[in-house]
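# Observations on the model geometry
Below, each chain spelled out in residue letters.
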Amino acid sequence: MTASLPYVLILYYSRHGATRAMAERLAAGVESCRGIEARLRTVPPVSPTCEAVDPEIPEEGAIYADLDDLRHCAGLALGSPTRFGNMAAPLKHFIDTTSELWLGGALVDKPATAFTSTSSLHGGQETTLISMLLPLLHHGMVYAGLPYSETVLMETQAGGTPYGASHLAGKRSDRPLDESERQLAHAQGQRIARLALSLAHTGGRP
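This write-up is about the structure you can find in this document. (Residues numbered from 1 in each chain as written. Predicted model: local features only at pLDDT ≥ 70, side-chain atom pairs only at ≥ 80, totals over all residues. Heavy atoms only, no water.)

### Quick look at the nonpolar core
- Core analysis: the biggest nonpolar cluster contains 27 residues, and Val8, Ile10, Val30, Ile36 and Phe115 have the highest contact counts within it.
- At the level of elements, β1 (7-12), α1 (18-31) and α6 (179-201) are the ones that each hand at least two residues to this core. (Core = buried A, V, L, I, M, F, W, Y, C linked by side-chain atoms within 4.5 Å. Buried < 20%, exposed > 50% of the residue type's maximum accessible area, 1.4 Å probe, protein only. Helix = DSSP H or I, 4+ residues; strand = E, 2+ residues; numbered from the N terminus.)

Right, dumping it as structure tokens:
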């Protein structure tokens, strides 16, 4: 019996599809590295109406994450659209359920990164990425952004930050990823995959 490969969990929330498109580019970057897989997962929307119940399996796209997806990952990429400079409530709601993983130190020394999409160019991309960074630090994860060795960071006319990949979706949220945004998301997937493999082989010690 062949042992399953380690995986990077790409966990995202997407309202109009832009963040999902980014997640798929990160996944391609992860899977361009030998010896590791990408696992795409999403989270259900939240509602102020307590009676609202979402189907257990989404009609399309990635299935919903559970704590075991997070517990057993070799690395993590969190993705969210911007909500007033912060991550979206559905993703925050899921993260707020991870106390048992924190208590057991399940994510300590695992690499993590984040990505985001906004409707406007200065719509809070960097603060949203930082908002996703904070709980990862509490979990003891090792955060990895995008280094300037990715020269596209100096050339992009839309998304792209050293804190993580980003995308300008436009006011109708229908602008596709441009080539720079695609390259940076792919590079971010590759980087988190390489780090996950490296840290897994050293027991979480550089």
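### Some remarks on empty space enclosed by the protein
- Summed over all chains, the structure comprises one cavity of 30 Å³ or more.
- Around the largest cavity sit Leu11, Leu70, Leu76, Leu78, Phe94, Ile95, Thr98, Leu107, Pro135, Leu136 and His139, which together line it.
- Looking at the lining of the largest cavity, the elements that each hand over two or more residues are β4 (75-83), α3 (89-95) and α5 (125-138).
- Within the lining of the largest cavity, the residues separate by chemical class into nine nonpolar, two polar and no charged. (1 Å grid on protein atoms, 1.4 Å probe; cavity = no way out; pocket = protein on both sides within 12 Å on 5 of 7 lines; lining within 4 Å. Points joined across faces, edges and corners; volume = space filled by probe spheres on them. Nonpolar A, V, L, I, M, F, W, Y, C, P; charged D, E, K, R; others polar.)

### Description of the packing of aromatic side chains
- Here the structure, examined in full by the defined rule, presents zero aromatic pairs.
- One residue, Arg39, lies across the ring of Tyr7, its end atom 3.7 Å from the ring centre. (Phe/Tyr/Trp six-rings, centres within 6.5 Å; stacked < 30°, edge-to-face > 60°. Lys NZ or Arg CZ within 6 Å of the ring centre and 35° of its normal.)

### Section: α5
- Within α5, the full set of buried residues consists of Gln125, Thr128, Leu129, Ser131, Met132, Leu133, Pro135 and Leu136.
- For α5, the secondary structure elements touched by its buried residues are β4, β5 (86-87), α3, β6 (111-118), β7 (142-143) and β8 (166-168). (Contact = heavy atoms within 4.5 Å.)

### Some details on unusual backbone geometry
- Backbone geometry places Phe84, a non-glycine residue, at a positive phi of 55°.
- Relative to the elements of secondary structure, Phe84 occurs in the loop between β4 and β5.
- One non-glycine residue, Ser173, lies in positive phi territory at about 55°.
- By secondary structure assignment, the location of Ser173 is in the loop between β8 and α6.

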